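Structural characterization, general
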Protein chains: 4
Amino acid sequence: MASPSWLLLLRTVRFGDTDAAGVMHFHQLLRWCHEAYEESLETFGVEPASVFPMAAADRPAGLEAPTVALPIVHCSADFRRPLVCGDPLVIALEPLRLEPGSFEVRYRFARSRSGEEPQEVARALSRHLAIEAASRLRCPLPEAIGRWLEASAVAAGGIRPL
Amino acid sequence: MASPSWLLLLRTVRFGDTDAAGVMHFHQLLRWCHEAYEESLETFGVEPASVFPMAAADRPAGLEAPTVALPIVHCSADFRRPLVCGDPLVIALEPLRLEPGSFEVRYRFARSRSGEEPQEVARALSRHLAIEAASRLRCPLPEAIGRWLEASAVAAGGIRPL
Amino acid sequence: MASPSWLLLLRTVRFGDTDAAGVMHFHQLLRWCHEAYEESLETFGVEPASVFPMAAADRPAGLEAPTVALPIVHCSADFRRPLVCGDPLVIALEPLRLEPGSFEVRYRFARSRSGEEPQEVARALSRHLAIEAASRLRCPLPEAIGRWLEASAVAAGGIRPL
Amino acid sequence: MASPSWLLLLRTVRFGDTDAAGVMHFHQLLRWCHEAYEESLETFGVEPASVFPMAAADRPAGLEAPTVALPIVHCSADFRRPLVCGDPLVIALEPLRLEPGSFEVRYRFARSRSGEEPQEVARALSRHLAIEAASRLRCPLPEAIGRWLEASAVAAGGIRPL
């Protein structure tokens, strides 16, 4: 069974992502992770304004501000192969509920240059905790995040061998 | 006549693009400009490795390293409306040859939220100079950049009233 | 008369500021500008929490949230010489009140490698507008910004020829 | 015994480091790590141009290009408390040789607001591998890095209980 669209994303390494060693500068990968997480939510159907805070004066009309924040409490990355400007990437996401109020996302980055076999180039992980923005106390995950986690778990189950 | 695909690009404002005022942090727009310029070249058919330097050991097989660099010698931006996380953007590019060895790109950013009229939110400009990477002396533009500039000028001509 | 301490700042080009051309990537300069503007205010004695918004739950005790935002409405930069990792920079700031509710900051970047004459390497400019954060309507500059502008104008007057 | 100057660094959270949640955006911490590693080497007395690659045309006179690259192969971070714009940080580094050709740096970030007890806010780690830039084959660490690791180990030994 193929991955659903919200768990398999594409991006291209850009010139500003590289450093003077001629390859992707390591911390850009963590930026890509968060952008992939946002794109996954959006592709799945979660309105960004329902999850991410933004200036009150500029919110899309008719949407309540989220009361729950989802800060990252841990992240890590492993770099296996250097990436150069223009390299096309496939990013596979594996979101996973950890407890009622936290989840993690695992990211696998593969380079898929035309005419070459896809190669895994990096892996990463981000761990998120739900807190009430006002009090900073732990709380349950927002309902939309819960649906995304559940659908992702079902999709992952479908592609795992018994 | 509609803009050709390489001059009209899409992107979404991401959470890491914002600051504590709740809106896009200004210098991210300049990053978007360069990424749009790269995407435009790629969509037009210019191989990134033929224009942008990269680590010799990691170049795609069979491609010569570019001998000409295209540093930005000037940039500017005007910010008209704040942007929030999730805002969908349309970026219109207008590349323009200035002299044998230099060109500029003008960028217009419009927000196109679903159910709202598109609104111009920002404009920007980058000016690029061709130099020989080894000597840093001015030189003619790479041939691929010349073709992109020419095709863009033709396309722009087609949508201008006589 | 020498520049006062809040108008003459130091920084070093770091590896992540460079790109695969081996030199500083252009948009990092705009980041440096904003950081120099913040450092200038702080050195002058303006509490960051009195000017920049931040999460309510994490504000230093006893400080009111600012009601005025100072978004950048225009910026520009001119790049004269490439910068490499480790280059030591001197940044000279020239803040200037434009109208009751706006100001600009001009930045001149000089490289001062040991054993070499200092060389101007770039110039930049940011223009800021005071708005009420809640309504986004134009308003007067915060009083602390006014004092910084006035003291900077006096200092600049002292070093200008008659 | 106090930490030597090259292992205890200062920096301030800047506005562009924050996101719309009003606090430091997670991946900026990884940028700070690399900048702290560079500043540590420089404070210890290692010339940046002897370790970090840069455009050949712009190298300081009289310095050979490094033949060894030190890519990061793994990084991680733990975030314990949110940081806001203006927060003053103390960064303690603990560099550690792992094998002849690799080392890691551990980073502890403490916030030291005036009038408050310093508080640990984050920890991070970067692991670096020495490779020949041309062949990408593993090789011994550059001699200057070796000296920095050894002096750091001696300094760390001095503050550890027997």
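Residues numbered from 1 in each chain as written. Chains lettered and ligands numbered in written order. Predicted model: local features only at pLDDT ≥ 70, side-chain atom pairs only at ≥ 80, totals over all residues. Heavy atoms only, no water.

1. Topic: the packing of aromatic side chains
Within this structure, the stated rule accounts for 32 aromatic pairs over all chains. Between the aromatic rings of Tyr 37 of chain B and Trp 148 of chain B, the centroid separation amounts to 5.8 Å while the plane-to-plane angle is 55 degrees, which identifies the pairing as tilted. Remark: Trp 148 of chain B occurs in helix α2 (residues 143-159) and Tyr 37 of chain B occurs in helix α1 (residues 28-44); sequence separation between them is 111 residues. Taken individually, Tyr 37 of chain B and Trp 148 of chain B each receive the classification buried, so the pair is uniform in this respect. With a centroid separation of 6.1 Å and an interplanar angle of 40 degrees, the aromatic rings of Tyr 37 of chain D and Phe 103 of chain D are classed as tilted. Taken as a pair, Tyr 37 of chain D in helix α1 (residues 28-44) and Phe 103 of chain D in strand β5 (residues 102-111) lie far apart in primary sequence, 66 residues in all. A relative accessible area of 1% means that Tyr 37 of chain D is categorised as buried. Here the aromatic cluster, defined as three or more aromatic residues joined through ring pairs, consists of Phe 15 of chain A together with Tyr 37, Phe 52, Phe 103 and Trp 148 of chain B. (Phe/Tyr/Trp six-rings, centres within 6.5 Å; stacked < 30°, edge-to-face > 60°. Helix = DSSP H or I, 4+ residues; strand = E, 2+ residues; numbered from the N terminus. Buried < 20%, exposed > 50% of the residue type's maximum accessible area, 1.4 Å probe, protein only.)

2. What about the interface of chain A and chain B?
With 27 residues of chain A at the contact, the number on the chain B side is 27 residues. Together chain A and chain B conceal approximately 2,200 Å² of surface at their shared face, both sides included; 57% is due to carbon and sulfur atoms. The largest share of the area that chain A buries against chain B comes from Arg 14, Phe 15 and Asp 58 of chain A, three residues that together contribute 27% of it. Linking chain A with chain B are two salt bridges, by the criterion used here. Ionic pairing is found between Arg 14 of chain B and Glu 42 of chain A, a salt bridge with its closest N-O pair at 2.8 Å. Applying the counting criterion to the chain A and chain B interface returns eight residue pairs in polar contact (both at pLDDT 80 or more). (Contact = heavy atoms within 4.5 Å. Buried area = accessible area lost by both parts, 1.4 Å probe. Salt bridge = Lys/Arg side-chain N within 4 Å of Asp/Glu carboxyl O. Polar contact = N/O pair within 3.5 Å; in protein donor to acceptor, adjacent residues only side chain to side chain.)

3. Notes on the relation of the copies chain C and chain B
Between chain C and chain B, the superposition needs a rotation of 180 degrees and an axial shift of 0.0 Å, giving an RMSD of 0.0 Å. Here the symmetry operator amounts to a two-fold rotation axis. Closest approach to the rotation axis among the C-alpha atoms of chain C is made by Ser 76 of chain C, whose C-alpha sits 2.0 Å away. Both copies contact each other with a shared surface, as 100% of the interface residues of chain C are interface residues in chain B too. (Least-squares fit on C-alpha atoms with pLDDT ≥ 70 in both.)

4. Re the environment of Ala 110 of chain C
All names here are of chain C. Note on placement: Ala 110 falls in strand β5 (residues 102-111). In this structure, the C-alpha to C-alpha distance between Ala 110 and Ala 122, residues 12 residues apart in sequence, is 7.1 Å. The contact partners of Ala 110, leaving out residues within four places of it in the chain, are Pro 88, Leu 89, Val 90, Gln 119, Glu 120 and Val 121.

5. Digging into α1 of chain D
All names here are of chain D. Helix length check: α1, at 17 residues, gives a terminal C-alpha distance of 24 Å against a target of 24 Å (1.5 Å per residue), a fit within 8%. Of all 17 residues that make up α1, 13 are buried, and the element is covered over most of its length. Gly 45 sits one or two positions beyond α1 and adopts a positive phi of about 120 degrees. (Expected span 1.5 Å × (residues − 1).)

6. Description of the sheet that holds strand β1 (residues 8-12) of chain C
Read from one edge of the open sheet, 10 strands run β1(B)-β4(B)-β5(B)-β6(B)-β3(B)-β3(C)-β6(C)-β5(C)-β4(C)-β1(C), paired in antiparallel fashion. What marks the edges here is a single partner per strand, and that holds for β1 (8-12) of chain B together with β1 of chain C. Going across the sheet, the axis of each strand differs from the next one's by a mean of 20 degrees, ignoring polarity. Sheet topology note: the strand β4 (residues 88-99) of chain C/β5 of chain C ladder contains 10 bridges and is antiparallel. Each bridged residue has a counterpart across the sheet, and for Leu 96 of chain C the counterpart in β5 of chain C is Glu 104 of chain C. Running at roughly 110 degrees to β5 of chain C, helix α1 (residues 28-44) of chain C makes contact with β3 (72-79) of chain B together with β1, β3 (72-79), β4, β5 and β6 (119-129) of chain C of the sheet. (Pairing = 2+ DSSP bridges. Axes fitted to C-alpha atoms, helices over the stretch in contact; angles between N-to-C directions.)

7. Considering the relation of the copies chain A and chain B
Overlaying chain A on chain B yields an RMSD of 0.0 Å, the required transformation being a rotation through 180 degrees with an accompanying axial translation of 0.0 Å. Comparing interface residues between copies, 100% of those in chain A also sit at the interface in chain B, which points to an isologous, same-surface contact.

8. Here we look at the interface of chain C and chain B
Between chain C and chain B, the residue contacts involve 21 residues of the former and 21 residues of the latter. On the chain C side of the interface with chain B, the three residues burying the most area are Phe 26, His 27 and Cys 75 of chain C, jointly 26% of the side's total. The tally of links from chain C across to chain B stands at zero salt bridges. Counting every contact that joins chain C to chain B gives eight residue pairs in polar contact (both at pLDDT 80 or more). Of all the elements in the fold, those that place two or more residues in the side of chain C that touches chain B are α1 and β3 of chain C. When residues in the side of chain C that touches chain B are grouped by element, the largest group, eight residues, is from β3 of chain C. Partitioned by chemical class, the residues of the side of chain C that touches chain B number 13 nonpolar, five polar and three charged. (Nonpolar A, V, L, I, M, F, W, Y, C, P; charged D, E, K, R; others polar.)

9. A short note on the pattern of salt bridges
Residue and element names in this part refer to chain B. One pass over the structure, following the stated rule, counts 56 salt bridges over all chains. Arg 80 is the partner of Glu 120 in a salt bridge, and the nearest nitrogen-oxygen pair spans 3.1 Å. Remark: Arg 80 occurs in the loop between β3 and β4 (88-99) and Glu 120 occurs in strand β6 (residues 119-129); sequence separation between them is 40 residues. Its relative accessible area of 24% is what places Glu 120 among the partly exposed residues. Classification of Arg 80 by relative accessible area gives partly exposed; the value is 49%.

10. Looking at the pairing of β4 of chain B
Residue and element names in this part refer to chain B. Relative to β4, β1 runs antiparallel, the two sharing five bridges. For Leu 9, the partnering residue across the bridge sits in β4 and is Ile 91. Where β4 folds back on strand β5 (residues 102-111), the antiparallel hairpin that results is connected by two residues.

11. What to know about the sheet that holds β5 of chain D
With antiparallel pairing, 10 strands are arranged side by side in an open sheet as β1(A)-β4(A)-β5(A)-β6(A)-β3(A)-β3(D)-β6(D)-β5(D)-β4(D)-β1(D). The outermost strands of the open sheet, each flanked by one partner alone, are β1 (8-12) of chain A together with β1 (8-12) of chain D. Going across the sheet, the axis of each strand differs from the next one's by a mean of 20 degrees, ignoring polarity. With 10 bridges joining them, strand β5 (residues 102-111) of chain A and strand β6 (residues 119-129) of chain A adopt antiparallel strand pairing. Of the residues in β6 of chain A, the one forming a bridge with Glu 104 of chain A is Arg 127 of chain A. Packed onto the sheet, α1 of chain D meets β3 (72-79) of chain A together with β1, β3 (72-79), β4 (88-99), β5 and β6 (119-129) of chain D and runs at close to 110 degrees relative to β5 of chain D.

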